[in-house]
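A look at the structure
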Amino acid sequence: MVNDAVHIAVREMKMGFRNPWSYSFMGLFGLFMLCLLLINNGGYVEGYSSITGTMLNLILYLLPLMTLMLGAFSLTGDKEDGSWELLSSYPLRTLSFILGKFAGLAVVLFVLVSFGFGLSAVMGWITGRGLDAHTYILLYGYSISLALMFLAVSFLIGTVAVNRWQALTVAVAVWFFAIIAWSPLLIAVLGMMPYGWIKPSISVFTLFNPAELSRIFAVVKLGGGSVLGPQYYDWVRWIRQPMGSAGYIIAILVWVGASTGLTHWLWERGRAR
Amino acid sequence: MMKWTRSSKSYRVSLTALCILAVWLMTACGSKDYKPQAINEETDRCVICNMAIKDDVFATQIITTDGQSLKFDDIGCMNEWITQNGTDTVGATFVRDYNSSQWLKYEKAYYVYDASIKTPMAYGLVSFEQKTEAEAFMKEQGAGKLMTAEQLEDHSWEVNRDMMDMGSHDHSHTEETADAEETHKEEEHHGK
Amino acid sequence: MSDGLWHSSSSWCRCDMLTRRRNKTAILCFTMVAAVLIGQAIISVSTAEAELANTTSSTGELQALIDQAHPGERIRVPSGVYEGSLILSKKITLEAETEGSVSIVNANPNTRSVIHIAADDVKISGIQIINESPSKIPALLITGDRTVVENMNIQTASQGIVLEDANDGQFRSNIIQWSDSAADRAVKLFDKGNGIDLYNSHRNIIRDNTIQRVHDGIYMENSDDNRLTFNVIEHSRYGIHSMYSKGAVIQNNQGNFNYTGAMIMASREVELTGNVFRKQSENVNSQGILIFQVQDSLFKDNKVIGNRVGLYLEQSENNRMENNEIANNFIGIQLLGARDNLITGNTLSGNVTETLAQDSANNSLDRNYWDSFQGIDTDGDGISNIAYAINPFFQGLIKERPAFQLFFQSPSMVFLEGLYQADQNTWTSDEEPLMVPLTSDQTSGQKASSTASGLIGAALLILTLSILQWARRRE
């Protein structure tokens, strides 16, 4: 089973690195990270400031959308070109297939993000506009975790969508909901609720939006937790401890586990039919 | 695909219904019972003057009709909020007993005012649950004016030292130096 | 006489009883001081012995000495640890024979100050005061005028120096710290006492003091025309806190890691210039400078860097804010119900969000530099032809519903703010924003090497390229 999964992962990586989409995304992300360097005319940056705040947001605009598209396209692609039909005729377990694809795509995304970060750090070093190491590692970890969680979401999209076009539509919709429409929607809905409900509701909803979850984690770890206000002080204090990082990693694992599990279940159901 | 869309739609409808029900329940049941919240010294700050609120006898709070707790470091700041915002959204108002630090309904407390009583924003007012304790406090201080909540409505709410009325009327010994400094400041500005 | 004075420090009651008329003795005294300086090494050896010898010295002896002294006399206290609750009720000078080698430990921490200066024209210097058990009683209480307190080291678990109706004093080069004993370290910030506390005390000069880990570093209430300069205040609640006071001159002080650097409330004619406030960012209510109900004051040439909010201005009128450098804060300037203030020539850079404003349209904001603002300068005069307007949406939202503060600068909030364009004429705006900052020196950017992140980046590049290489080879 593990062998099968590794086999699928290697196949996925090969396909990923042959896919022109991956390279255009890599180029885009690299270029974009370099652009962020240009904005940083103040020089060296440490902690939560306008540069790191802008980086957090711009990564949030670009990376989830790229991830959703790559992941969803990969799954619908397998359905469309008949390779899943072929694979399912072998004694290959669906779980090996799903995990293998997840691992393979995770490596592709890792390379994509690392290339962008590597390029910007080296250029920043040369031009004297780099980031402080701690801040840099945090932003890098933030990007990787964002990619992993949205990859998990993309698997659900790729599962429910029948073809690439549908996948694209759903991916953009999910992205818009999680990144752009999030606070307007919550403000509209929660604004009507009694005051005491707002904070618990937002806290719970945040757990269900990987974009917000990782943004808040990054802001707090960059030392900007106090700007989130008195209501979230206990959360902020908790996240700042090493325990907070552990909790965040668990949250990522739960996210990845839950959506790959759900994906697996849906594929199994489809296969049985 | 169709199946998925339909089920998610019905789910969404039921979620909305649940929310509405919850809101209705909250407003229906929660309207009468306003409870004061505990002071968190790390995070609470006076809604009016921005000072951190110490968990002491001077702290006061308003619970609004929708359950928000507005905390103040001095009863004078609370009065200021009510002056600015009216009482329409005020559910309940709490002050603290000077001796026990217990929360009391604003309307039921007894108040002692004296300019010499030091409070965070210098309004010079403290509150008591029992009239006898308020009287004992006045006796101990050798000063003070006892008031009920109704009588407090006619209170002047002057702070120990009103900064708005200071200045040229102030004939204290500081006047000369203040004037000298002012001319000095002006010179400095012209110089730059 | 001089022999007896420092060789047998245990018999310390042989203080010099000079008056100004006795010139000869004065010269002798000078020689003595010189000798002290030269013979530092020898003294330090004998200090250790002296401390042992004097540990048991009771309050009575030192107090008796003070009581016996004539007004105007100078008492030089030999090295040692003394127990004491002293009252200085006549004009005298009390100083450590060797600076830093005299400690007075509070014997009655719950009832009396370690030293109470009750008379005018008293001077104390070079003495360490240790006031370890928590209480409300200040370590050093001053109720006399023209007091001079210098080179003192005060370790306290209550208030540091308290001035009550004490005018024209001078407080220089003192160190005031919250006691570092294990029990005292556990005391919460809000339960601590103030470093220097002035009540109804005017025209004092407070200079070059270092104050750490206390409630408010310097607190002034009903106290006018005090000069606070070159003080450093750290890890306290509020660095400098002024209430109901006027004419304070607050210059060239530094505040780091406090809840709020300077808290100027209900005050007038304050001159706050040349101060540096960094890293007031830990608490959810932190600010570099907070100004509330302040009139006719000047805030100039300050640097507020890396705070939660750089400059917070509420319900204040007729103040001038000029040439301040407001950099790398989470929120640069926050204005709430402020009017008729002149805000000009300030440089805002690197703040996560530059301004939040509400009900503050009637200020004159002009010629400030906002680094996030892309101005257009058609006539080349260095001033943008389009105004910089501050969107009041987020401030209005969090004022009503603080729970939404979690969305601070999230992409969706930025998007939503962009949609909100109502009543633009009521927005606070800078009509003539600068194209380049006035202050050219970029002191705010912490220039340091980004070598570490560069090396990590290089490693990442090599790693990704080799993964790519490997994947291609396997094809």
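Residues numbered from 1 in each chain as written. Chains lettered and ligands numbered in written order. Predicted model: local features only at pLDDT ≥ 70, side-chain atom pairs only at ≥ 80, totals over all residues. Heavy atoms only, no water.

All right, on to the interface of chain C and chain B then. Every contact between the two is made by 46 residues of chain C and, on the other side, 36 residues of chain B. For the pair chain C and chain B, the summed buried area comes to about 3500 Å², and 45% of that belongs to carbon and sulfur atoms. Considering only the side of chain C, the residues that lose the most area to chain B are C:Phe190, C:Tyr244 and C:Lys246, jointly responsible for 18% of the buried surface there. For the pair chain C and chain B, the number of links is three salt bridges. For C:Lys188, the salt bridge is made with B:Glu41, and the minimal N-O distance between the two is 3.6 Å. The interface formed by chain C and chain B contains eleven residue pairs in polar contact (both at pLDDT 80 or more). Contributing elements (two or more residues each) for the side of chain C that touches chain B: β21 (238–243), β24 (260–268), β27 (287–295), β28 (298–300) and β30 (309–314) of chain C. Per-element accounting of the side of chain C that touches chain B gives the leading share, five residues, to β24(C). (Contact = heavy atoms within 4.5 Å. Buried area = accessible area lost by both parts, 1.4 Å probe. Salt bridge = Lys/Arg side-chain N within 4 Å of Asp/Glu carboxyl O. Polar contact = N/O pair within 3.5 Å; in protein donor to acceptor, adjacent residues only side chain to side chain. Helix = DSSP H or I, 4+ residues; strand = E, 2+ residues; numbered from the N terminus.)

Once that is clear, we can look at the UniProt feature "transmembrane region" (unreviewed entry) in chain A. Residue and element names in this part refer to chain A. Cross-referencing UniProt, the feature "transmembrane region" (unreviewed entry) maps to residues 20–39, 51–75, 95–125, 137–162, 168–192 and 245–267 in the present numbering. A distance of 38 Å separates the end C-alpha atoms of residues 137–162, which is 92% helix and 0% strand. Between the C-alpha atoms that bound residues 168–192 there is a distance of 33 Å. The span itself is 88% helix and 0% strand. (UniProt positions renumbered as here; feature names shortened; annotations may be inferred.)

The relative placement of two aromatic rings is captured by the distance of their centres and the angle of their planes. As enumerated under the stated definition, the model contains 26 aromatic pairs over all chains in all. When the ring of A:Trp84 is compared with that of A:Trp267, the centres are 5.0 Å apart and the planes differ by 85°; the resulting orientation is edge-to-face. One end of the pair, A:Trp84, is in helix α4 (residues 83–87); the other, A:Trp267, is in helix α12 (residues 242–272), with 183 residues separating them in the sequence. Between C:Phe373 and C:Tyr388 the ring centres are 5.4 Å apart and the planes differ by 75°, which places this aromatic pair in the edge-to-face class. Taken together, the positions of C:Phe373 in the loop between β38 (369–370) and β39 (388–389) and C:Tyr388 in strand β39 put the pair 15 residues apart, joining distant regions of the chain. The two residues C:Phe373 and C:Tyr388 agree in class, both being buried. In this structure, B:Arg45 packs its charged tip against the face of C:Tyr312, placed 5.3 Å from the ring centre. Just above the ring of B:Trp103 sits the side chain of B:Arg96; from NZ or CZ to the centre is 4.3 Å. (Phe/Tyr/Trp six-rings, centres within 6.5 Å; stacked < 30°, edge-to-face > 60°. Buried < 20%, exposed > 50% of the residue type's maximum accessible area, 1.4 Å probe, protein only. Lys NZ or Arg CZ within 6 Å of the ring centre and 35° of its normal.)

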